[in-house]
Every structure is written in structure tokens, then in C-alpha cells.
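Structure at a glance
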2 protein chains.
Amino acid sequence: MNVQTQIDTTTEDLMANAIRALAMDAVQAANSGHPGAPMGLADVATVLFNRFMRVDPAADKWPDRDRFVMSAGHGSMLLYAINHLLGYDDMGIDQIRNFRQLGSRTAGHPEYGHAKGIEVTTGPLGQGISSAVGMALAERMANARFGDDLVDHFTYVIAGDGCLMEGISHEAIDFAGHYRLGRLIVLWDDNRITIDGSTDISTSTDQQARFAAAGWHVLAVDGHDKAAIAEAIAAARADARPSMIACRTVIGYGAPNKQGSHSVHGAPLGADEVAATRGALGWSHAPFEVPGAVYDAFHAIAARGRDARQDWEKRLGGHPKQDAFETAQANPDARALDAAMGAYKAKLAQDAPKVATRKASEMALEVVNATLPNTVGGSADLTGSNLTFTRGMRDVVAGDFTGNYIRYGVREHGMAAIMNGIALHGGFVPYGGTFLVFADYMRGAMRLSALMGLRVIYVLTHDSIGLGEDGPTHQPVETLASLRAMPNMMVFRPADAVETAEAWQAALELETTPSVLSLSRQGLPTLRTSHSDANLTARGAYVLREADGARDVTLIATGSEVEIALAAAEMLAADGIRAAVVSAPCFEAFAQQPDAYRATVLGDAPRVGVEAAVRQGWDALIGTGGAFVGMTGFGASAPAEALYQHFGITADAVAAAAKSLIKET
Amino acid sequence: MNVQTQIDTTTEDLMANAIRALAMDAVQAANSGHPGAPMGLADVATVLFNRFMRVDPAADKWPDRDRFVMSAGHGSMLLYAINHLLGYDDMGIDQIRNFRQLGSRTAGHPEYGHAKGIEVTTGPLGQGISSAVGMALAERMANARFGDDLVDHFTYVIAGDGCLMEGISHEAIDFAGHYRLGRLIVLWDDNRITIDGSTDISTSTDQQARFAAAGWHVLAVDGHDKAAIAEAIAAARADARPSMIACRTVIGYGAPNKQGSHSVHGAPLGADEVAATRGALGWSHAPFEVPGAVYDAFHAIAARGRDARQDWEKRLGGHPKQDAFETAQANPDARALDAAMGAYKAKLAQDAPKVATRKASEMALEVVNATLPNTVGGSADLTGSNLTFTRGMRDVVAGDFTGNYIRYGVREHGMAAIMNGIALHGGFVPYGGTFLVFADYMRGAMRLSALMGLRVIYVLTHDSIGLGEDGPTHQPVETLASLRAMPNMMVFRPADAVETAEAWQAALELETTPSVLSLSRQGLPTLRTSHSDANLTARGAYVLREADGARDVTLIATGSEVEIALAAAEMLAADGIRAAVVSAPCFEAFAQQPDAYRATVLGDAPRVGVEAAVRQGWDALIGTGGAFVGMTGFGASAPAEALYQHFGITADAVAAAAKSLIKET
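Because the structure is a prediction, the values reported are computed rather than measured. (Residues numbered from 1 in each chain as written. Chains lettered and ligands numbered in written order. Predicted model: local features only at pLDDT ≥ 70, side-chain atom pairs only at ≥ 80, totals over all residues. Heavy atoms only, no water.)

Points about the side chain of Asp440 of chain B
Here is the rule: Under the scheme used here, helices are H or I runs from DSSP no shorter than 4 residues and strands are E runs no shorter than 2 residues, and both carry numbers assigned from the N terminus. Under this definition, polar contacts are N or O atom pairs within 3.5 Å; protein pairs additionally need one hydrogen-donor-capable and one acceptor-capable atom, and for neighbouring residues in sequence, both atoms have to be side-chain atoms. Contact criterion: two residues are considered in contact whenever any of their non-hydrogen atoms come within 4.5 Å of each other.
Structurally, the position occupied by Asp440 of chain B is in helix α17 (residues 439-452). A distance of 2.8 Å separates the side chain of Asp440 of chain B from the side chain of Arg443 of chain A, its partner in a polar contact. Excluding anything up to four places from it in sequence, Asp440 of chain B contacts Asp440, Arg443, Gly444 and Arg447 of chain A together with Glu478 of chain B.

Some remarks on the relation of the copies chain A and chain B
Note the cut-off: Superposing copies: least-squares fit, C-alpha atoms only, residues required to have pLDDT of at least 70 in both.
For the pair chain A and chain B, the best superposition has an RMSD of 0.0 Å and corresponds to a rotation of 180° with a translation of 0.0 Å parallel to the axis. The operation mapping one copy onto its partner corresponds to a two-fold rotation axis.

Here we look at the sheet that holds strand β1 (residues 67-70) of chain B
Residue and element names in this part refer to chain B. Heads up, the condition is: If DSSP finds at least two bridges between two strands, the strands pair. For every element, the axis is a line fit to its C-alpha atoms; helices are fit only across the contacting stretch, and the angle between N-to-C directions ranges from 0 to 180 degrees.
Spatially, the five strands line up as an open sheet ordered β1-β2-β3-β7-β6, and their pairing is parallel. On the outer flanks of this sheet lie β1 and β6 (217-222), each paired with one strand and no other. Across the sheet, the mean angle from the axis of one strand to that of its neighbour is 20°, orientation sign disregarded. When strand β3 (residues 184-190) meets strand β7 (residues 243-248), the two strands line up parallel, connected through six bridges. By the bridge assignment, Asp189 is partnered in β7 with Cys247. Strand contacts of helix α2 (residues 36-51): β1, β2 (155-159), β3 and β7, with the helix running at about 150° to β3, the strand carrying the most contacts.

Notes on the nonpolar core
Selection rule: What we call a nonpolar core is a set of buried Ala, Val, Leu, Ile, Met, Phe, Trp, Tyr and Cys residues that are connected through their side-chain atoms within 4.5 Å. With a 1.4 Å probe rolled over the protein chains alone, any residue whose accessible area is under 20% of its type maximum counts as buried; one over 50% counts as exposed, and the rest are partly exposed.
Counting residues in hydrophobic clusters, the biggest one holds 116 residues, and the most contacted among them are Leu137, Leu184, Ile406 and Tyr458 of chain A together with Leu555 and Val608 of chain B. Per element, the largest residue contribution to this core is 10 residues, and it comes from helix α5 (residues 127-146) of chain A. Those residues in contact with Leu137 of chain A that sit more than four places away from it in its chain are Phe175, Leu181, Val396, Phe401, Ile406, Ile418 and Ile422 of chain A. Leu572 and Val610 of chain A together with Leu436 and Leu483 of chain B belong to the second largest nonpolar core, which has 114 residues in total.

Some thoughts on the UniProt feature "binding site: Mg(2+)" (unreviewed entry) in chain A
Residues and elements named next belong to chain A. This is how the line gets drawn: UniProt positions are given in the numbering used here, feature names are shortened, and annotations may be inferred rather than shown by experiment.
Cross-referencing UniProt, the feature "binding site: Mg(2+)" (unreviewed entry) maps to Asp161, Asn191 and Ile193 in the present numbering. In sequence the annotated residues extend across 33 residues, while in space they remain close, none of their C-alpha pairs exceeding 7.8 Å. Tracing the backbone through its elements, the reader meets Asn191 in the loop between β3 (184-190) and β4 (193-194). In this fold, Ile193 is placed in strand β4. Using a relative accessible area of 11% as the deciding quantity, one classes Ile193 as buried.

Some remarks on helix α13 (residues 334-351) of chain B
Residues and elements named next belong to chain B. Defined as follows: The span one expects for a helix is its residue count, reduced by one, times 1.5 Å.
With 18 residues, α13 extends 25 Å from end C-alpha to end C-alpha; this agrees with the ideal 26 Å at 1.5 Å per step. Of the positions making up α13, those classed as buried are Leu337, Met341, Gly342, Tyr344, Lys345, Leu348 and Ala349. Taken together, the buried residues of α13 touch α14 (357-371) and α19 (497-509). For α13, the side-chain oxygen to backbone nitrogen distance between the N-cap and Arg335 is 3.1 Å, and the N-cap itself is Asp333. Among the residues trailing α13, Ala352 stands out with phi positive, at a value near 45°.

A short note on the packing of aromatic side chains
As a reminder, the rule being used: Stacked, edge-to-face and tilted are the three classes for Phe, Tyr and Trp ring pairs, Trp counted by its six-membered ring, which pair at centre distances within 6.5 Å; planes under 30 degrees apart are stacked, over 60 edge-to-face, the rest tilted. Charge-over-ring contacts are defined here by two conditions on Lys NZ or Arg CZ: a distance within 6 Å of the ring centre and an angle within 35 degrees of the ring normal.
As enumerated under the stated definition, the model contains 32 aromatic pairs over all chains in all. Plain terms: the ring middles of Phe154 of chain B and Tyr156 of chain B are 5.9 Å apart, the flat faces sit at 25° to each other, and that makes the pair stacked. By relative accessible area, Phe154 of chain B is classed as buried at 6%. Ring centres 5.5 Å apart and planes at 70° place the aromatic pair Phe438 of chain B and Tyr441 of chain B in the edge-to-face group. Residues Phe438 of chain B and Tyr441 of chain B agree in their burial class; the two are buried. Through successive ring pairs, a cluster of aromatic residues spans Trp62, Phe146, Trp312 and Phe325 of chain A. Directly above the ring of Phe587 of chain A sits Arg484 of chain A, whose terminal nitrogen or CZ lies 3.8 Å from the centroid.

Things to note about the sheet that holds strand β2 (residues 155-159) of chain A
All names here are of chain A. Overall, parallel pairing links the five strands, which are arranged β1-β2-β3-β7-β6 in an open sheet. Since the sheet does not close on itself, it has two edges, and those belong to β1 (67-70) and β6 (217-222), each with one partner. Strand-to-strand twist of the sheet, defined as the mean angle between neighbouring strand axes without regard to direction, takes the value 20°. In this structure, β2 lies alongside β3, joined through five bridges in parallel fashion. When the bridges of β3 are listed, Val157 appears paired with Val186. Each of β1, β2 and β3 touches α5; the most contacted strand, β2, lies at about 170° to it.

Things to note about the packing of helix α17 (residues 439-452) of chain A against α17 of chain B
Stated precisely, the cut-off is as follows: Working definition: roughly parallel below 35 degrees, roughly antiparallel above 145 degrees, roughly perpendicular at 65 to 115 degrees, and oblique for all remaining angles. Here is the rule for handedness: rotate from the far helix to the near one, and if that takes an anticlockwise turn smaller than a right angle the crossing is left-handed, while a clockwise turn gives right-handed. Lys, Arg, Asp and Glu make up the charged group, whereas Ala, Val, Leu, Ile, Met, Phe, Trp, Tyr, Cys and Pro make up the nonpolar group; the residues left over, Gly among them, are polar.
At a closest axis distance of 6 Å, the pairing of α17 of chain A and α17 of chain B adopts a crossing angle of 165°. With respect to each other, α17 of chain A and α17 of chain B are oriented roughly antiparallel. Considering the relative orientation of α17 of chain A and α17 of chain B, their crossing is right-handed. Taking contact as the criterion, the partners of Asp440, Tyr441, Arg443, Gly444 and Arg447 of chain A in α17 of chain A are, on α17 of chain B, Asp440, Tyr441, Arg443, Gly444 and Arg447 of chain B. Among the residues forming the contact of α17 of chain A with α17 of chain B, the class breakdown is two nonpolar, two polar and six charged.

Here we look at the domain arrangement of chain A
Residues and elements named next belong to chain A. Heads up, the condition is: Reported domain spans reflect what an automatic or database domain assignment gives. Buried area: the accessible area, evaluated with a 1.4 Å probe, that two parts lose upon being put together, summed over both parts. The salt bridge criterion pairs a side-chain nitrogen of Lys or Arg with a carboxyl oxygen of Asp or Glu, the two atoms within 4 Å.
Each assigned domain of chain A is listed here: domain 1 (9-315), domain 2 (334-525) and domain 3 (540-664). Between the C-alpha centres of domain 2 and domain 3 the distance comes to 25 Å. With 25 residues of domain 2 in contact, the opposing surface of domain 3 contributes 32 residues. Both sides together, the interface formed by domain 2 and domain 3 hides about 2300 Å², and carbon and sulfur atoms give 58% of it. A salt bridge links Glu611 to Arg484; the nearest nitrogen and oxygen atoms lie 2.7 Å apart. Counting every contact that joins domain 2 to domain 3 gives 15 residue pairs in polar contact (both at pLDDT 80 or more). Listed by contribution, the elements that provide at least two residues to the side of domain 2 that touches domain 3 are α18 (479-484) and β13 (490-492). Residue composition of the side of domain 2 that touches domain 3, by class: 14 nonpolar, six polar and five charged.

As for the pattern of salt bridges
All names here are of chain A. A full pass over the atoms with the stated rule returns 72 salt bridges over all chains. The partner of Glu139 in a salt bridge is Arg140, with the nearest N and O atoms 2.6 Å apart. For Arg140, a relative accessible area of 16% translates into the label buried. Across the salt bridge formed by Lys659 and Asp575, the nearest N and O atoms sit 2.6 Å from each other. A residue pair is termed long-range when its members are at least 10 positions apart, and Lys659 in helix α25 (residues 651-664) and Asp575 in the loop between α20 (562-574) and β18 (579-583) qualify at 84 residues. Classification of Lys659 as partly exposed rests on a relative accessible area of 34%.

Thoughts on the side chain of His109 of chain A
Looking at where His109 of chain A falls in the secondary structure, it is placed in the loop between α4 (93-97) and α5. Within polar-contact distance, the side chain of His109 of chain A engages the backbone oxygen of Asp470 of chain B at 2.8 Å.

What follows is the structure, given as C-alpha cells:
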């Protein structure tokens, strides 16, 4: 335990005040931002970093570092101030001066990847604490595989009232309690203020009782009593359960006329109050000037981290599990994956199974999970529907983290945020399943997968009216469009077992992009019966069936509707009309292809789009004058075949649309 | 209190078994559905309806009826069986026979509006309990206005483990505890089974302690002990707090070989087990045959409801508040609204204020709230940002429900579901605010607003990179497209104060469609300086500035970018290029216009789209070969003006795109 026993409390007071001064001055300079949280939390953060945190600014990605998550992301200046004082080389004082300005690393909210020492993008409330649960889970899973010598760290979270009011916090807290994630320590900024005023106006929950009900170890301290804070953190580290420490703080601590009020939450203090705060804190330094003693104290923290990191590197060197550890940290072995998937695809082309693409996903996952050592599966209580659990997988359970399958419970949003945390922690490639329509429940966290550029794979089954009787509440019609709209999110909707295998392969090889696999409930024939080594799905769209001669029409379809387009092409051929069929499993990938390839695939003939979903997003493919066969509103409850007939998504309808287009031109 | 004191328990056993038989036989006939929950809950539901519920199948919309919410919507057969037995005239036995078939009222999950006696669409877990909170809130708010004689009813909820694991339940439960909604009674189906197996595999939460921590009255009973259930419900009704009754049940109760297991959750029992269940329950009747004694008992419940309804009607007739009560129940007075908004718009055209559209929304709301008596405002802790609180509004607080403004707390998803519940209850028109980007947090409930066709108005401010320094976590770029993709959701993005007023007017006059108002943080000039009585925004798009002669190009923009398009048109005019500017505040409304109007607005010239968001959805407007000036990825943290420059959303860029298009053609 890297805990200092002799603490210079005078210096700690200075350290905390340095954080306060940097925060209020940066917000004042930007004329924008949130001084209240950093000022209120300065004592808590100082104690945490000075006495406990083990990070090395010179090796910010060191795998066994402690994680610090500023879940109350609007308090970003707390993190920036600390990282500046610790000496991260990309967080010089100019970054602090340029808080919230274009091109600076000090964005309004902490952005993962924008600067070292930012473990996760926060700001949307509740996400940080939930992703921290994923980090703490990944730590125990890695520990179970590699032992205490290589994996032995804590995840600390600062969460505000807002984080704890958000629903996602419930999912994360229950999950952490169930899995007994003892390495997770949440410091709750109990300042009793939200943007609208006192927390009394909107909540009466006893947070300590709430966490206890979820199986947590709960403590409460005065958030400005450094000895008490230290004692609580030490007790939290010693407890086998996840710990929540309620830190009673005064928001904007130090601002004599504004502290304790919501006026200090999200606006600069103003020049007068900044001056008054300097007086109240006895802080005589100019803005952005920090006494050497403060830098020295923070650099001592960094030195402690460096020593720990060097010790760890010694333990890793020559460790019997060194290779396995490093493999887990690295990108998936694309060569091994390509070889395994190539062989599997060749067999599929021969066997031509008729299976739902959710089943095809399970089959592909059998190959993936046998090839890659560090995939971690799971489902939000729909394992038997999503088919995410392959042979040989074992559940991760409290007390035994050697497994590789996670029962996320009925917690879609929590699942997505926890997967973000697993990916951020490193060492694992997470995938998790639910129904496609319930992407709506976890969209907040999916957006952060995309914004952070994390390899997280969403296995979203039951992807259209083809799910049948469960009805419109469960039938996505707008969900594909809503996900395709999201930047840096790849949406794969494979048509058969071969495309499903290719989609998995493509998703796993994308280093900085999350993926959605949109999969059918209903059975679909294998359409790609001639084997190709190339990953055609990764191109986004390709000609599945060329016309017999110059094209009269091009039919473009995705997923379960490609079969319908092929049938329509056959019907049209019988009438002497030459139709090509384009399978378009990934619009985003197709948009990235060279113009020449795109032109070849799309052709010059009129185009008909086919997808059991709304039209939005299709016009760019089918062009002005193109036709679309799909949904115009919500679905209905009935067997799948009846619904396809009812909503007119049939080969007949596609052929009719094609003929009508040809007639027009 | 309409509680029978002498209960024929033998008949209640029969009633419960009739529900079980109908549920298992309907699921068996459909070969699809969820028998476990209805069979496990039959005793609880029988006691609730037989001894407490006050509904009248002959007047299903009677305002003072008790509400029953089947939050565990997959157990829909419980509700259908009860409504059939009660004698709702649209729920004959053929509906039960045709469970989950095309065109039947008995959809897989209960669909509001598909049959009488379905108070809310459920199935997506956690939504029912959360909307029930809105119903219970609306009941107290109406009671505060009209008194016990006119408003005095309960909201009962059956919720499963899944509902309580979902994050939204946290938001709803905390809210209900804070507002002390004593008329809300939740019966938790504590069967300890989820789809994946025992609840032990994914949760350890002490639900009773959890509800107690949120200020609820908590009870626990054997869910098959009818006397105990009745006693608990009576105690719950008597308590001033919301009540949660943990009903320990056996899922699939009565199926001798399958009960208590997850195999009975979501699949037919099978012919053998159906037969065995008949034996175990001593139920000798053929499928869909119910003994007369059971019908008699349920019809007695209906008669009790009819009597209560008739008594209520007598109280209403001649009541001093009769007119006010009926006005509140009816649609908003469009004539009054049109008159008030017409006068307001005329003044705006004259004054031409430069204000953010969020501020313009506040100004419009001043008019709306002064005109309509029953709007209910609120915000998810962003009142000062969303500007949803107008002069004279008062907070609704626990113990005093006379106010008309709700502090939803940091609970977007809960807010949306609660607004659904308020709209479903009737008597109020709810609107609520948060940042546009956080639509992602509440999309699950917004989808239900749309699917149910509820007049719920989402006030979503800070609608682009124009919010500035808060950065990409807070800057929507794909959110507009994702909301436009949703069927039956109107997305208004007004360009100035006039369009904002029109958007409010249009949204309030839509009877069966929810609306989003997408509003700027930054100030915008009034562009519509010549007054028009007609609501141009309600047409979706219109020519704001016609070209001086035949159009060379049409610039189409929304919201804050219309100002940019106008500036570009001026620049182009200086170069002798004739550009029209089309303001397109609502794509959905424009899609509904006659073709001739659409053609006139769009014109024949090449088109440039301008929106500080992703392109998806624009191709349908700008056509093949059209140009788009907008975002291609996530935003950044900086002042708004710097971001517009950085991302190239400027009049210069629009003019350049227009010129480039004209050169091509």
C-alpha cells in the first residue's frame, strides 16, 4: 500500500488551495465553466492523490495504475489542475490558461484521448461512475488471470448528486454490489446543490441507505476534514465490498460570498469574488502562479508512482505470464482471426446453413472466442435470445473472476457503460447483447463509445418486424437510422451467416470504432455460397448478384431483406428485366470507399432500396427518384410472415417498385 | 372506500384460476407469449380487482377511475384476461383466442389505444412504473384543483424484477418518494426469476430497503395468500407515502412441472404441461371456456365501478368547478391560443428581438401559460438553461400540489415517462426541458410518447455546437436526425422568435403527436419581420426569402443556420446569383404537405442544405447532387463563434457551395 504515513497537513492545505485557485482563475479567464465542484472537492482530491493514488505521469498508460474517474465531469478543472500539478507533460500552465478554448486539451468536460491522465470522457451525468464499475470489474478479471504481482489497483470515482440521480447509477451500483467489486471506491460530493438549487427541491433519497441496500460498504465524512477523509479511504480500501464515502462538502468552498449556493455551480465567480476568495484562502499568488512547494508536493506523488511503475515492470519482466499479459493488452491478433474466419467462411459457403443471423453470430463467436483469448461476452438478461454465450464460456461471478461471460441483468444502459469501462481499462474486448430496439435505453453510453473511440461491440438482435408477436414496442423501425446517424459508430446488418462472420471480423479489427451488429430473429438462407477470402462486408456494400447484361434496375437491401431483393430480381428476370442486387450491410463503411468502387456498385440504373425500417438515410443511396420498400411507421403484433405481408415488404412489392421506376425513366 | 368486507374466497380462487387458464391457453394457441407472470400474479390481481379496483368497462375513460398499470408488460395476458372477464365490449373471447395475431386487440404487449382498459403501453421494462408515477402525480394535482368530490383515485402498478433493475425505475421511485405520492401502490412480482434464470445471477439488491431509502412505505406478503394481499393493499391505501408491496410469488403458479423456473417465463407451457396444469388446478373447463360464476364475480366488480361512476357523475353535474374540470379534460382551446399567439406574433414582427430561441420559447410560453389553464412545465434540473419557468408559475411540492411546475431533478428518462403518465391521466398538457443531446437519455420514453400518440412537448435547448464551451459531450450533431427518424414525433427547429411561437402553437394543437422543440443557446435575430397570421412553421418549410427572379439556387436551412443562409444569399446576390432561402423548421410537417406546395418551396434550382448537424435525412430535401454544409463528426469545446468557423458552417461556405453547384449544372 503506497500510503504515506507522515503527512504534512500544512502542505496539503496549500495543495488544495492551489487546485481551488487554478479552477477559479481558469473559469474566470474562460468566462465559462464550473468552479463550484473543484473548489468544494479540493480537499477530498488532495487527500486521495497525496496519500493514495498511484499514477505515473511519465507513463500514463501503465496498466497497473490506479484509475481516477471524475464522474462529475463539469468539475473538469479539478482534474486538469491536478494533472498540471502532477507534471503531465501535455498539461502545462498554458493549457490551464486556455481552458475551454479551441485547440486546447482542457475541454469543457474531460475528453478521453485529449490529454494524458483522463481515463474516461465524462460530463453526461452517471456515465463516469458506471464506466468505473467496468474498470473495477476488468481489474478483478485481469487479476484473476495474472495475479497480484501484475494486477492490483484501485478505481476511485468522484460522483455528484446528479450522477446519483441518473437512472444509470442504479444499474451500475446494483451491479457493483452484486459482483462485490471491492476495488471500487466512490467519493460522493455531498454538497446538497444542483443547478436548480438545493437538492431538497427534487430528491429525498437517503443515499447511504440506498448504497447499503445494494450491498455496498458505506462511510460518511466531513469533506473538508483531511484526516477523516484519509481514514475513510483507508477503510474503504480494506473492505471487500465496493465502498461509498459520503463526503459532506461546501460547493465553491473558499468563495466567501457564494460558497454553498447554486450560483457557484456553473458560472465564473466574477472578479470581485475571485479577489475575495484569494483573501479568504490567504492565497496571495497571481492567477496561474503556483508556489514551488505545491509543485514539489505533487511531484512527490508522481515520483511515488514512478517507483511503483518501475517495480511493476521488474515484476513483469520474466514473469511466466508476461507474454499472455502483453497479448491481452495488445490489439486482437488480426492474422489469427483472419485465418480462422477464412476457414470458417469457406465451410459456410459449402454448408449454406439457413439460420437466423443471431444464430450465425453465435456460430461466428464460437470461432472468435476460440481464437482470441480476451473477449468478454454478456447480455442484458437476454442470453438465450441474443445467443452471446458460446461453448466453454463461464460466468463471471462475485468471488471468482476467472470467467468470461457477464450477466448484466436487465440493465442495458449500465451494460453499455460498463463495457466502455472494460475497454478503457484494457486487457479485454467486450461485447454485449440486447434487442436492437433497446439501443434506445443505452444510447447515452453508446454515444460515449463512439466519442471515445472504443472497441465495444453491441450485439443487437431481433432487428425488425421480423421478431413478430412481441409487437411494436419491441420492433425497431427507426433504430437503424438513429444509430447510423451517430458519428464513429459502425452499424452492420448482415444478410446471412457469411456476412455475419465478416461483420464480426470487421468489428474486431476496428481499433477506435465501436460497432453494432444488427441481427435477425428469423431464419435466413446463406446467400453467399461462393467463397471469397476478401471481407466484402467490410466494404459496406457490394454486388451480390449482377444483372445478366446491362442493368435495368439496381435493388439495394440489407440484412433479412436481401433475400427478398434476390427473389424480386428472379421475378424481374422472368419478365425480362435485368436487376442487380446489392447487399449493403454497412452504410458507414460504404461511404468510406473510393468513388470508383461506389459508382460500380451503385450503377447507373434506377435504384430500389429495401429495408424493414424507415427510409431516412436511404435517399443518399437510392438517389432522387429512387424507390424505397420499407416501413413508414411503427410495427404490429403478429407472426413475422404476416407482418411482412401486411406492411408490403415482399418480393412482389419490390418487383412492382422496380417496374414502376423503369417505366418512369 | 369501495372495499367489500365479505369476500367469497372460493370464488376468488376460481377467478384466479380462470385468469391462469386463459393465459396459458392463449399463449399455447398463439404458440408465443409469456404465461409465467399472469399465472404467478393471478392471486394478486384477483384480490386487487375484486376488493379494490374501481373501473367501469362501460365508461373506460371515466376520469376518476382507478388506474391499473401492468408494468411487466410481457404479462399482457393477465390484463387481457381480466378485461375480458370484466366485460369490456371490445375484449370478447375471440380476442383472447387470437392473442398476438394480426388485427387482434390482444397484442404481444399491452398497447394503449388498441383496446379499452389499457392505460399505458408497456413492454419496455421500467416504463409502466415510471408513467404510473406521472399518473399518480396528475391525480394529486387534479385533486388539488378540483377537490375530493371530483378527483380521488388510486394508481396501482404491477412491476417485475426487470422493471426494478432498469435505471428508469430509480428515477421514478426517487421522484415518487420525494413528492410523497401516496396514491401510488406498486405490487412487486417478487418471483426471483428473470429470462436468464434466477435473479441471483445478476442482482443482490434488497428491494425493500431500496424503496425505504427513497421514502416509500414498504410491505411484504405471500403473493398467493389472498387475505394477506388484501390487508397489505388496505394498509398501502391508508398510508400517506407511496407504497411498495413485495408479493412473493411463484412464476407460472399451477404448472406442476415448470412453475418457479425461467422455462415458464417466455414460452408456451406445451400441451402436456397445459394438461397437467388443468389437473393441478382442478380446472376441468375447455380452453377459453369460463364458468358463469367467474363471469358473475367479475361483472360484480364492473357493477361496483358503474355505481361509483354514476355517483361521480352526479357530483360533477352542477359542481361549481364542473366547467373548469371539463375544460381541463378537453383539448386546449385552439381558438384562444390562435388569438393570443396571433397578437404576440404581430408584436414580434414589429419588435424584431434578437434572442436565443430558448429565450423565445420562454416568451412564447408566457403567452401559452397565460392562455391555457392546464399546462404543466418542468425541467430535468436545467430550469435556468431551458427557460421553462414562466411568470406566475409555482413549484409543485410534496403536500401542495396546486402548483404547475415540476422539478424533475437530474432525471431525463424519468421526466419523459412521467410526462407520458401525466398526458395519459388527462387533465394536463405536460412540457419538460433538458439539453437536446440528452434526448439520448430519455429516448426509450420518447418512443412511447410517439407510439401512444401523446401530446407531450419536449423543450430541448442548446441544440448544436452553438452551445459552445461545454464541448462534444453536450453538443448534439446526430440527435436531430435520430429524432426525425422516429415515427409520429414532430421535430421543430425554429429559426427565430416568430417561428418559435408558431412551433409552440403547432405542438399544442397536435392531439396525438408528441413534439420536440429544438432551441438554440445563442442569440438569433428575428427573420420573419413581416407578420403572417398563418402558421408557416406548421407547414414544415416555406420560402423565407424568394430570389429576385428565377432561382439559381435554393438554400434550405433550419434553426440557427437560417441566419447564415440569409447572409449567404445576400453575398450571392452581390455576385449576381439569385438565391432563395427556405426555412425548414419541421421536416415531418413538410413531408405531409401537398406535392404542389412542396415543389413550389423546393423549386427546380440546385439546392444547398445548411444545418449544424449531420447530413443524414437531408438528401431527401436537397436531392442527388445537392450540397450540404454541416457537421461530419462530433463537435469540440470552444466559444460558439470559433466553432462555427472551425467547422466551416459560415455564410462564406454556403455561398461557395452554392457557386460550386451552379458551376456543375
